[in-house]
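Listed here are the chains, written in short residue letters.
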Amino acid sequence: MQTIDYKDFQRIEFRVGTIIDVKVFEKAHKPSYKIWVDLGKEIGIKKSSAQLTNLYSPEDLMGKQVVCVCNFAPRQIADFMSEILITGFDSEQGGVVISTVERKVPNGARLY
């Protein structure tokens, strides 16, 4: 495993936000959702395309606080511009388990 120093870690904008809308992404090549995340006043509402359909329904995701990378360059996926990356971990059963917080924190709070 390659090591980095703390300065490298600080360059990544990990922020928490609340999922406020989820739609099935019909035009995606792999089963995905279009997700809108409220990241607080400073950042606002951002969009993400996420392959979370194996473990989550849209209803499961609504209102969840998720950990996002907010400073990747936007990425065009079919007809949708994905602006953030919702983080998660591979599950042993297949699919991705989203990264979330143990207690509610303000939208836009930064991970340290």
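Residues numbered from 1 in each chain as written. Predicted model: local features only at pLDDT ≥ 70, side-chain atom pairs only at ≥ 80, totals over all residues. Heavy atoms only, no water.

K.L.:
I'd like to hear about the overall build of the protein, residue by residue, with values.
P.N.:
Secondary structure assignment for the protein yields 3 helices and 9 strands. Secondary structure elements of the protein, listed N to C terminal, follow the sequence α-β-β-α-β-α-β-β-β-β-β-β. Over its C-alpha trace the protein gives a radius of gyration of 14 Å, about what one expects of a compact globule, namely 13 Å for 112 residues. Expressed along its principal axes, the backbone C-alpha trace of the protein runs to roughly 40 × 35 × 30 Å. (Helix = DSSP H or I, 4+ residues; strand = E, 2+ residues; numbered from the N terminus. Rg over C-alpha atoms; globule rule 2.2 N^0.38 Å.)

K.L.:
Please provide a residue-by-residue account of the pattern of salt bridges, values included.
P.N.:
Between side chains of opposite charge, pairing is possible as soon as their charged atoms come close. Taken as a whole and judged by the stated rule, the model has 6 salt bridges. Put simply, Arg110 and Glu13 hold a salt bridge, and the shortest N to O gap is 3.3 Å. Within this pair, whereas Arg110 is found in the segment after β9 (96–98), its partner Glu13 is found in the loop between α1 (6–10) and β1 (14–24), the two being separated by 97 residues in sequence. With a relative accessible area of 21%, Glu13 lands in the partly exposed category. Two residues, Arg103 and Glu102, come together in a salt bridge whose shortest N-O distance is 3.2 Å. Summarising the burial analysis for this pair, Arg103 and Glu102 share the class exposed. One network of salt bridges, with partners in common, ties together Glu13, Arg15, Glu42 and Arg110. (Salt bridge = Lys/Arg side-chain N within 4 Å of Asp/Glu carboxyl O. Buried < 20%, exposed > 50% of the residue type's maximum accessible area, 1.4 Å probe, protein only.)

Interpretation note: all reported values are geometric properties and have no functional meaning in isolation.
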